[in-house]
Amino acid sequence: MSFRSVKGMHDVLPTCTAINQKIELMLANIANRYGYNEIRTPAVEKLELFARTAGASSDLVTKEMYSFTDQNKEVLALRPEGTAPCVRSGIEHNLFYGKKQRLWYIGSMFRRERPQKGRYRQFQQFGLECFGYAENHVEVEIIQIVSDIMSSLNIKSQLEINHLGSSESRINFQREFIEYLTKYYNDLDDDSKFRLEKNPLRIFDSKIQTTQEILKEAPKITNYLSHEEQAQLEFVTNCLLEQNIEYKIAPKLVRGLDYYTGIVFEWQKDGLTLCAGGRYDNLVSDLGGSPTPAVGVALGIERLIDSCQLIQDKKIVISVLCHYPKAFNKASNFAKKLRASGYIVKFEFHASKLKSLLKIANQNESQYVILIGQNEYDSDNITVKNMLTSVQTSYASLTDVIELIQGEENV
Ligand code: HAM
């Protein structure tokens, strides 16, 4: 019997991990430069944490959670997202009390969604969460960071913004929205009929054409915002205009998680959401902490990688081939020194078979091969072969070898 990976979960093979490493480093560097600090939370949390925060009727909780009961009868879940764990950790370790916090994370998230291009059951998220600021400059900061990320990767995506309103303006909107949809009840798809009772705003997410047609004339949440909420949206969009960050107001943007309380945003490209987030001022207090305003965002690393054309850096690989047992330590020492000079060095040893070592050096895709056999050991010389030109030269010291490689590197 042979095994394959679980449906919707993928291996990242050695030919691709360099790109992942490059992106992850870039994301960490940008977040660190804005003063965000990394937080690492476990991949497993109590199921209740997500049921309480994402919304009991959300798809995430009702359909997509990987959950299980452990030996102590605790009901646990693989985390489907990073915001609730960050808040749980911040309350548990007193990170928010009387303090501002800017946090970032990278990690695997798990959702049992229907797998398709860009939608996986295990995927990597990079997230930013900023706690303690009621002012909307934080939304601007977070959008600016994502905009920096998109520009460094040369990704052109569409930023959409909406304001979900306070509970009061949302109740007013919802009343009229339900009234409007009830007139078309028989034409709605089954999912939307169910949502009309449980969580009407989610109907905006419907992919069904007839429902989308009905939504075209539906009331818009932006018409129900208070003056203060309209001013908040205006403040953010004016700042974006000043910073030349393009955006579109999207009154139908509601987000799939229940914890948002104010401005929300998403970056779209080719029908996929690359990145999304918003303000969630009640989540910390809902989970037992003292009231703490918060704004955050998360992006899917796989979707980001699929949207950009990153060229893998060509690094010089050197194979040190030792085919004389007495020279083992000398050759291994050369390899160590070359690594210290910044090169990728693969050390290969075989007591006699130089031919098979050269074959491995070829598989290693080495640009240079350093040969250490009996001749080199006795004469104290080093033989270097340039694998591209097949030119083989003898050198008196490793410093000379490094000078040669550096010289050719700069040509
Ligand atoms: P989300 O919209 O559920 O928000 O996910 C954020 C991003 O994760 C999406 O825009 C997408 O790029 C990626 N993503 C989601 N599901 C999948 C999947 N099945 N396969 C591949 N990529 C996926 C959140 O998770 C919130 N915690 C964001 C946030 C942070 N809000 C405030 N702070």
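Right, let's walk through the structure included here. Within each chain, residue numbers correspond to sequence positions counted from 1 in written order. At least 70 in pLDDT is required for a residue's local features to be given in this predicted model, at least 80 for side-chain atom pairs to be given and counted, and no such filter applies to totals for whole chains, interfaces and linings, which use all residues. Computation of side-chain values covers all heavy atoms of the structure but excludes hydrogens and water.

**Description of the site of the ligand**
Let me state the cut-off plainly: A cutoff of 4 Å decides nearness: a residue is near a molecule or strand if any of its heavy atoms lies inside that distance of it. Side-chain atoms alone can form a polar contact between residues adjacent in sequence; in general such a contact is a pair of N or O atoms within 3.5 Å, and within protein one must be able to donate a hydrogen while the other accepts it. Using a 1.4 Å probe, the Shrake-Rupley method yields the accessible areas, and only the shown protein chains count as cover for residues. Runs of H or I in DSSP of at least four residues are treated as helices and runs of E of at least two as strands, each being numbered from the N terminus. The residue classification treats Ala, Val, Leu, Ile, Met, Phe, Trp, Tyr, Cys and Pro as nonpolar and Asp, Glu, Lys and Arg as charged. All others, Gly included, are polar.
Near the ligand there are 25 residues, and of these Glu 81, Thr 83, Glu 113, Glu 129 and Tyr 260 occur at the shortest range. At a separation of 3.4 Å, a nitrogen atom of the ligand approaches a polar side-chain atom of Arg 303. In isolation the ligand exposes 660 Å². Once the protein is present, 96% of that is buried. At the level of elements, strand E6 (122-131), strand E10 (272-279) and strand E11 (294-300) are the ones that each hand at least two residues to the shell around the ligand. A per-element tally of the shell around the ligand places E10 first, with five residues. For the shell around the ligand, the class distribution of residues is 11 nonpolar, seven polar and seven charged.

**Concerning the pairing of E10**
On a regular strand, each side chain points to the face opposite its neighbour's, so the side chains alternate between the two faces of the sheet. The test is simple: Note on exposure labels: buried denotes an accessible area under 20% of the residue type's maximum, exposed denotes more than 50%, and partly exposed covers the range between, all computed with a 1.4 Å probe on protein chains only. By definition, two strands form a pair when at least two bridges between them are found by DSSP.
Of all eight residues in E10, six are buried; the element is thus mostly enclosed. Where strand E9 (residues 263-269) hands over to E10, the hairpin turn is made up of two residues, of which Asp 270 adopts a positive phi near 45°.

**Let's talk about unusual backbone geometry**
Phi at Asp 270 is positive, roughly 45°, even though this residue is not glycine. Of note, Asp 270 is situated in the loop between E9 and E10.

**Remarks on the side chain of Arg 170**
Our working rule: Positive residues here are Lys and Arg, negative ones are Asp and Glu, while His and the chain termini are left out of the count. In the sections that follow, a salt bridge refers to a side-chain nitrogen of Lys or Arg positioned within 4 Å of a carboxyl oxygen of Asp or Glu. In this description, contact between two residues means that some pair of their heavy atoms is separated by no more than 4.5 Å.
Tracing the chain through its elements places Arg 170 in helix H6 (residues 167-183). Buried charge Arg 170 goes without a salt bridge, the closest partner of opposite sign being Asp 258 at 6.8 Å. Look past the residues within four positions of Arg 170 in its chain and what remains in contact with it is Leu 164, Gly 165, Leu 201, Ile 221, Tyr 260 and Thr 261.

**Some words on the packing of aromatic side chains**
What counts here: Ring pairs are drawn from Phe, Tyr and Trp, using the six-membered ring of Trp, whenever the two centres fall within 6.5 Å, and their geometry is named by plane angle: stacked under 30 degrees, edge-to-face over 60, tilted for the rest.
Inspection of every chain in the model, using the stated rule, returns 14 aromatic pairs. Measuring from ring centre to ring centre gives 6.5 Å for Phe 173 and Phe 204, while their planes differ by 15°; the resulting arrangement is stacked. Of the two residues, Phe 173 sits in helix H6 while Phe 204 sits in the loop between helix H7 (190-198) and helix H8 (209-216), which places them 31 residues apart along the sequence. By relative accessible area, Phe 173 is classed as buried at 0%. The buried category is assigned to Phe 204, whose relative accessible area is 7%. Each residue in the set Phe 96, Phe 131, Tyr 259, Tyr 260 and Tyr 280 is aromatic and connected to the rest through ring pairs, giving one cluster.

Any link to function would need more than the numbers given here.
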